[in-house]
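Secondary and tertiary structure notes
Listed below are the residues making up each chain.
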Amino acid sequence: MWNEIITSQDIECFLNQIDYFADSCIKEMRYVTGSYAQGRSLHALDDRRDLCILFHSISNYLDPINPDMLKNRKLNADYNSFEIKFSYVHKLMLEHSAECDSVIYDTTLIKKDGLFYWYDYREDNIPNFTPNGTMVAAEKMSWRFIF
C-alpha cells in the first residue's frame, strides 16, 4: 500500500519511519514516461513521468509493523527495503564520482512551491543547488515498505 506524502507533517512522519535514510542506499530506479510506440507511430505523451526508487537499509530502527516502537526495538533482518514513488517528475539528476559511494549519509526532503525536492545529501539552497549526488523534484510523492 502506498502512503501519499502531502504535508510537512507527512514528510516528518515518513523520515521517522525510515530513520532519516540512516544506513541506506539506492538499490535501483525505474522511470516511466507514458510515451510509447505503436506500429510506425511514436506517441510522446510524457503524461506520467513516474520515478520509483528502491532503497535498502541496514538501519536497526526501521519498523513497518509497529511504528509506535520505532526507536525501542531492533529488528533482526539483514536489511529492510522501502520504495519511493515520485510522480510528475520535473527534474532528475544523478551525479556520481570515484570519490563517493552510494551510501546516503545525509538527506534533504522538502516541499516548496508545490514541488517535492529530495536530495541524497544535505542541501540548503533549494531549488538553486549545486549538483552533488542524486536529486529529484516532483509534484507528488508516496512511499511504501517492501517485504
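To keep things clear, this report deals only with the structure shown in the data block. (Residues numbered from 1 in each chain as written. Predicted model: local features only at pLDDT ≥ 70, side-chain atom pairs only at ≥ 80, totals over all residues. Heavy atoms only, no water.)

Points about the packing of aromatic side chains
Applying the stated criterion across every chain, the model contains 10 aromatic pairs. Summarising the aromatic geometry, the rings of W143 and F145 are spaced 5.1 Å apart at their centres and angled 80 degrees between planes, so their arrangement reads as edge-to-face. Accessibility expressed as a relative area gives 7% for W143, which makes it buried. Put simply, the rings of F14, F21, F55, F82, W118, W143 and F145 touch in pairs and so form one group of aromatic residues. The ring of W2 carries the charged tip of K85 above its face, separated from the ring centre by 5.3 Å. (Phe/Tyr/Trp six-rings, centres within 6.5 Å; stacked < 30°, edge-to-face > 60°. Buried < 20%, exposed > 50% of the residue type's maximum accessible area, 1.4 Å probe, protein only. Lys NZ or Arg CZ within 6 Å of the ring centre and 35° of its normal.)

Re the pairing of strand β9 (residues 115-119)
The buried fraction of β9 amounts to five of the five residues, a majority that puts the element mostly inside the structure. Across the two faces of β9 the burial is the same, with L115, Y117 and Y119 and F116 and W118 all buried. Sheet topology places strand β8 (residues 108-112) next to β9; five bridges connect them, and they run antiparallel. Looking at β9, one finds that I110 is bridged to Y117. As consecutive antiparallel partners, β8 and β9 are separated by two residues, and within that stretch D113 has a phi angle of approximately 55 degrees, a positive value. Direction of pairing for β9 relative to strand β10 (residues 134-146): antiparallel, over a ladder of four bridges. (Helix = DSSP H or I, 4+ residues; strand = E, 2+ residues; numbered from the N terminus. Pairing = 2+ DSSP bridges.)

A look at the side chain of S24
Residue placement: S24 occurs in strand β2 (residues 24-32). Given the relative accessible area of 1%, S24 is considered buried. In contact with S24, other than residues within four places in its own chain, are H56, S57, F82, S102, V103 and I104. (Contact = heavy atoms within 4.5 Å.)

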